[in-house]
Amino acid sequence: MTSSLPPSLRLGYVPGATPAKWARVWGERHPDVRLELVPVAAADAADAVRAGTVDLALLRLPTETSGLAAIALYEEQVVAVVPKEHHAAAADELTTADLDGEPTLLPLDDALRWAGAPGTPVEHRPETTEAAIELVAAGMGLLLAPQSLARLHHRKDLTYRPLTDAPHSPVVLAVPAGEQSEAVAEFIGVVRGRKAGSSRGRTDPAPKRTAREKTLAKQAARAAAGKSPGPSKGKPAKRPRR
């Protein structure tokens, strides 16, 4: 039932985030409420929610989330993007120690903000991750990034390898803090896997059964299985009168 919902809901998402699964579920449950998917730059995503430019957003941590509630969704593997002929490409996976002394590119829109990241940062900082990928292809250094960004900016002359001991990159759903609108609460239910009509996932706790009710339930279960209920525990069975 969607009569009380607005005609549309605006969902922002940062590069590499994938809202398709939840968008499909939303469309099935609320076909008359259009879900607008709004691409937002990583640096602007949180502000877009605070300003009301979008109603909620998929973004990566760490980022400033004051005034927002962040709902954990999933964590991404961090990878090293390297030219195909780079020696690191010979391994299926890497550790941070494998990158000691390697020149690394740190774009201004860096998604990781990884203090103590391996490698030696190149002095020049490209504006975007996409620009950093171009510099990796030019042989200026390698790039550490969430795997989805490596896939998004894939090039035939580049490859990437997972860093097994790197911290993962969390993706969250950011919504305004405080009481949520009905539409936002409904979308939160979608990403949390609630079933349709679950009333935002809140259910009253089942009342505790008394000992008598438990005994009757067991007897009913035995009867349904074609078994005799038998005597109750704690009381001897009565002998038939002769």
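The preceding data block contains the structure.
Residues numbered from 1 in each chain as written. Predicted model: local features only at pLDDT ≥ 70, side-chain atom pairs only at ≥ 80, totals over all residues. Heavy atoms only, no water.

1. Comments concerning helix H1 (residues 20-29)
Then, number 1: Buried residues of H1: Trp22, Val25 and Trp26, and no others. Burial along H1 is one-sided: seen end-on, the buried residues are contained in an arc of 100 degrees. Along H1, the residues that are exposed and aim more than 90 degrees away from the buried face are Ala20 and Glu28.
Then, number 2: On the buried face of H1, the contacting elements are strand S1 (8-13), strand S2 (34-39), strand S3 (56-60), strand S4 (68-76) and helix H5 (182-191). (Buried < 20%, exposed > 50% of the residue type's maximum accessible area, 1.4 Å probe, protein only. Helix = DSSP H or I, 4+ residues; strand = E, 2+ residues; numbered from the N terminus. Arc of directions from axis to C-beta. Contact = heavy atoms within 4.5 Å.)

2. Section: the nonpolar core
Then, number 1: Counting residues in hydrophobic clusters, the biggest one holds 32 residues, and the most contacted among them are Leu9, Leu11, Trp26, Leu56, Leu59, Leu173 and Phe187.
Then, number 2: Of all the elements in the fold, those that place two or more residues in this core are S1, H1, helix H2 (45-51), S3, S4, strand S10 (169-176) and H5.
Then, number 3: Looking at this core, the element that brings in the most residues is H5, giving six residues.
Then, number 4: When near neighbours in sequence (up to four residues on either side) are disregarded, Phe187 contacts Leu9, Leu11, Trp22, Trp26, Leu35, Leu56 and Leu173.
Then, number 5: If you look at the next biggest cluster of nonpolar residues, it comprises 14 residues, including Leu135, Val136, Leu149 and Ala150. (Core = buried A, V, L, I, M, F, W, Y, C linked by side-chain atoms within 4.5 Å.)

3. Overview of the sheet that holds strand S7 (residues 120-121)
Then, number 1: Read across the open sheet, the five strands follow the order S7-S6-S8-S5-S9; overall the sheet is mixed. Each edge of the sheet is formed by a strand with only one pairing partner; in this case those strands are S7 and strand S9 (158-162).
Then, number 2: Bridge count between strand S6 (residues 103-105) and strand S8 (residues 142-146): two bridges; the pairing is parallel. Directly across from Thr104, in S8, lies its bridge partner Leu142.
Then, number 3: Contacts from helix H3 (residues 129-137) reach strand S5 (78-83), S6, S8 and S9 within the one sheet, and its direction differs from that of S8 by about 145 degrees. (Pairing = 2+ DSSP bridges. Axes fitted to C-alpha atoms, helices over the stretch in contact; angles between N-to-C directions.)

4. A short note on the pairing of S10
Then, number 1: Most of S10 is tucked away: six of the eight residues are buried.
Then, number 2: Here four bridges tie S3 to S10, and the two strands are oriented antiparallel to one another. Residue pairing for S10: Leu58 is matched across the bridge by Leu173.
Then, number 3: Bridge count between S4 and S10: eight bridges; the pairing is antiparallel. Across the sheet, Ala72 pairs through a bridge with Val172, a residue of S10.

5. Topic: the environment of Asp98
Then, number 1: Within the secondary structure, Asp98 is located in the loop between S5 and S6.
Then, number 2: Considered as a pair, Asp98 and Gly119 are 21 residues apart in the sequence and their alpha carbons are 9.0 Å apart.
Then, number 3: Reaching out from Asp98, the side chain makes a polar contact with the backbone nitrogen of Thr95 at a distance of 2.9 Å. (Polar contact = N/O pair within 3.5 Å; in protein donor to acceptor, adjacent residues only side chain to side chain.)

6. Notes on unusual backbone geometry
Then, number 1: With omega at 5 degrees, the peptide bond leading from Leu61 into Pro62 counts as cis.
Then, number 2: Note on placement: Pro62 falls in the loop between S3 and S4.
Then, number 3: One non-glycine residue, Arg113, lies in positive phi territory at about 50 degrees.
Then, number 4: Along the chain, Arg113 falls in the loop between S6 and S7.

7. Quick word on H5
Then, number 1: In terms of residue burial, H5 counts as a mostly covered element, since eight of its ten residues are buried.
Then, number 2: For H5, the complete set of buried residues consists of Ala183, Val184, Ala185, Phe187, Ile188, Gly189, Val190 and Val191.
Then, number 3: Among the structural elements, S1, H1, S2, S3, S4 and S10 are those in contact with the buried residues of H5.

8. Here's the deal with the pattern of salt bridges
Pairing of side chains with opposite charge becomes possible as their charged atoms draw close.
Then, number 1: Applying the stated criterion across every chain, the model contains seven salt bridges.
Then, number 2: The closest approach of N and O atoms between Glu76 and Arg60, which form a salt bridge, is 3.2 Å. Taken together, the residues Glu76 in strand S4 and Arg60 in strand S3 connect sequence positions 16 residues apart.
Then, number 3: By relative accessible area, Glu76 is classed as buried at 8%.
Then, number 4: We classify Arg60 as buried; its relative accessible area is 8%.
Then, number 5: The salt bridge partner of Glu134 is Arg155, with a shortest N-O separation of 2.9 Å. (Salt bridge = Lys/Arg side-chain N within 4 Å of Asp/Glu carboxyl O.)

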